Every structure is written in structure tokens, then in C-alpha cells.
Amino acid sequence: MNPQLFFAFLVVAGALACTPGVDWAYSITAGLKQRSFVPAVAGLCGGYVLHTVLLVAGLAALLTGVPGVLGWLTVAGAFYLLWLGLTTIRSWRGASFGSVEVAVPANQLRTFLQGVGTSGINPKGLLFYVALVPQFVSPEAPLPVPVQSGLFGLTFVLLVAVVYTCVALLARKLLQSRPGAARKVTLASGIIMVALGAVLLSEQVLPFVGHALNRA
């Protein structure tokens, strides 16, 4: 693997991982609602592992190349974010470390699966792997292209694991003695999820409606 390409990938991928978004919102919210944020971060990483597997198998490019598939994935991801955001908004008044839930196995599993859904169903993540990773793969490198793709994908997983863990830790440290701030951050996280879901949904629905009106 070309060291210069790998370093360039680290810079770009690190910058993207450090950009606040729905993953950040989910990490902070899960950290406020449960005793351990590890299942949430693990779930988010699991979603990106799924994207990595699809990339190595060549399915990611195939899915984005089939007409309509990415659109339906976007709609599914949008509805999921809307549901997750509304659920978070409904629980914002109880977000404090004084009444944190015990992280029993059932809650841990649910938190993990929600994290997988948050990053795994997000079509932006799929496009990231399809559009960005191939730019750093070198056909002249000793390693086969699928192996290079897998290494880049797993490197991004490690980056987001570190970044999201730091985000959750900092949020917990800063909000531990500020229940009012914890509730506000939880509310803001829910609003962010709803807003992103609405934007994703509008990107798919509005062109369809406009096309239907033009035909009418």
C-alpha cells in the first residue's frame, strides 16, 4: 500500500469522522440515557464494518449503480432517522446522569442495533465508501485491490471508534453535573436527527412530486 496515499486517506477520513452529524448526536444521546456508551459506539462502528464488507464484495458499487436502489435506501434511512429523532425528543426531559438507566443486556443489544442502523442504513455512508475509498486504492500496489479497500474501510472504522468514544467521554464529563445542559443536548440531538431525516426524505420526494406535476 502506498504510504502517501494511506496518509492522505487518514487526513480526509479523520476530518470526516470529526465532522458533527447524526453519529455524534447518537453517541451523545446514548451516553446520556445509559450507564455505558460502549454499545452505541460499537453499533455505529458495526454499521461501517457492514459498509466495508459491501465494498470488498463489490456490492456497494453495484447498489449505487442500480437505478432506484439508492433512492429506496435513502427513504428507509430517512424514516429511521425520523423515528430515532422523535424517540429522542420524547425522552429529553429525563436525560440526566442522576437517573441513568442500568445497562442490562437487553438495553445494550437494543442500543447496539440502533447504532448499526444509524450508520448502516445511512446512504451517505455508502456513498462515502463508494466515492472516497477507491480514490486511494492503487492498482500497482503489492496488495490486491479488495484487500486495500478492506484495510481502508477498517481504518475508517478505527478512526470513528476513537472519535465517537472521545465525543461520548467529553459529553459525559461536561454534562455530568449539569442536568439542565444534558436535557438541552439530548433535545438538540433529537432535532438534528429529525432534521437530517427530513432533508434526506425531501431529496427523494420533492423531485418525484415535481416530475409528477410536470407530467400532469
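The structure we're discussing is the one just above.
Below: a short report on this structure. Everything numeric in this text was worked out from a predicted model, so none of it was measured.

**Comments concerning the packing of aromatic side chains**
Right, so step 1: Within this structure, the stated rule accounts for 7 aromatic pairs.
Right, so step 2: Judged by centre distance (5.5 Å) and plane angle (75 degrees), the ring pair of Phe9 and Phe136 falls under edge-to-face. Of the two residues, Phe9 is situated in helix α1 (residues 3-17) and Phe136 in the loop between α7 (123-131) and α8 (145-175); the sequence distance between them amounts to 127 residues.
Right, so step 3: A residue is classified by how much of its surface remains accessible, and Phe9, at 0% relative accessible area, is buried.
Right, so step 4: Taking relative accessible area as the criterion, Phe136 reaches 10% and is therefore assigned buried.
Right, so step 5: Taken together, the ring pairs in this structure connect Phe6, Phe9, Phe136 and Phe152 into an aromatic cluster.

**Some remarks on the environment of Phe79**
Right, so step 1: Its location among the elements puts Phe79 in helix α5 (residues 69-90).
Right, so step 2: Here the alpha-carbon distance between Phe79 and Val194, two residues 115 residues apart in the chain, equals 9.0 Å.

**So, the packing of α1 against α8**
Right, so step 1: Running from amino to carboxyl end, α1 crosses α8 at an angle of 40 degrees, the nearest separation of the two axes being 10 Å. Relative to α8, α1 is oriented oblique. Here α1 runs over α8; the crossing is right-handed. From α1, Phe6, Phe9, Leu10, Ala13, Gly14 and Ala17 reach across to α8, where they touch Phe152, Thr155, Phe156, Leu159, Val160, Val163 and Tyr164.
Right, so step 2: Tallied by class, residues from the contact of α1 with α8 come to 11 nonpolar, 2 polar and no charged.

**A few points about the side chain of Ser149**
Right, so step 1: Along the chain, Ser149 falls in helix α8.
Right, so step 2: Dropping the residues within four chain positions of it, Ser149 is found in contact with Leu55, Val56, Val133 and Val137.

**Section: the environment of Gly58**
Right, so step 1: Topologically, Gly58 is positioned in the loop between α3 (38-57) and α4 (59-65).
Right, so step 2: Here Gly58 falls in the partly exposed class, since its relative accessible area comes to 39%.
Right, so step 3: A sequence separation of 88 residues divides Gly58 from Pro146, and the C-alpha atoms of the two residues are 8.4 Å apart.

**Examining the side chain of Thr118**
Right, so step 1: Note that Thr118 resides in helix α6 (residues 105-120).
Right, so step 2: Side-chain polar atoms of Thr118 contact the backbone oxygen of Gln114, separated by 2.8 Å.
Right, so step 3: Thr118 has contacts with Val22, Asp23, Tyr26, Leu44, Tyr80 and Leu84, leaving out every residue within four places of it along the chain.

**Considerations on helix α2 (residues 22-33)**
Right, so step 1: Between its terminal C-alpha atoms α2 stretches 16 Å, which fits the 16 Å expected from 12 residues at 1.5 Å a residue.
Right, so step 2: Buried residues dominate α2, accounting for 10 of its 12 residues.
Right, so step 3: Looking only at α2, the buried set comprises Val22, Asp23, Ala25, Tyr26, Ser27, Ile28, Thr29, Ala30, Gly31 and Leu32.

**With respect to the state of the cysteines**
Right, so step 1: Applying the stated criterion to the full structure yields 0 disulfides.
Right, so step 2: A disulfide-free cysteine, Cys18 has its sulfur positioned 8.7 Å from the sulfur of Cys166, the nearest such atom.
Right, so step 3: When its relative accessible area of 45% is taken as the criterion, Cys18 is described as partly exposed.

**Brief notes about a nonpolar patch on the surface**
Right, so step 1: The grouping of Phe7, Val11, Val12 and Leu16 at the surface amounts to a nonpolar patch, some 350 Å² of accessible area in total.
Right, so step 2: Summarising the element assignment, Phe7 is placed in helix α1.
Right, so step 3: What makes Phe7 exposed here is its relative accessible area of 56%.

**A word on the nonpolar core**
Right, so step 1: In this structure, Phe9, Tyr48, Tyr129, Val133, Phe156, Val160 and Tyr164 are the most contacted members of the largest nonpolar core, which totals 41 residues.
Right, so step 2: If you list the elements that add at least two residues to this core, you get α1, α2, α3, α5, α7, α8 and α9 (179-215).
Right, so step 3: In terms of residue count, α8 provides more of this core than any other element does, 10 residues in total.
Right, so step 4: Beyond its immediate stretch of four places on either side in the chain, Val133 contacts Phe9, Leu55, Phe128, Ser149 and Phe152.

Calculation notes
- Residues numbered from 1 in each chain as written.
- Predicted model: local features only at pLDDT ≥ 70, side-chain atom pairs only at ≥ 80, totals over all residues.
- Heavy atoms only, no water.
- Phe/Tyr/Trp six-rings, centres within 6.5 Å; stacked < 30°, edge-to-face > 60°.
- Helix = DSSP H or I, 4+ residues; strand = E, 2+ residues; numbered from the N terminus.
- Buried < 20%, exposed > 50% of the residue type's maximum accessible area, 1.4 Å probe, protein only.
- Axes fitted to C-alpha atoms, helices over the stretch in contact; angles between N-to-C directions.
- Parallel < 35°, antiparallel > 145°, perpendicular 65-115°, else oblique.
- Left-handed = near helix turned anticlockwise from the far one by under 90°.
- Contact = heavy atoms within 4.5 Å.
- Nonpolar A, V, L, I, M, F, W, Y, C, P; charged D, E, K, R; others polar.
- Polar contact = N/O pair within 3.5 Å; in protein donor to acceptor, adjacent residues only side chain to side chain.
- Expected span 1.5 Å × (residues − 1).
- Disulfide = S-S within 2.5 Å.
- Patch = residues over 30% accessible without salt bridge, like charges linked within 9 Å, V, L, I, M, F, W, Y side chains within 5 Å.
- Areas by Shrake-Rupley, 256 points an atom, 1.4 Å probe, with all protein chains shown as cover.
- Salt bridge = Lys/Arg side-chain N within 4 Å of Asp/Glu carboxyl O.
- Core = buried A, V, L, I, M, F, W, Y, C linked by side-chain atoms within 4.5 Å.

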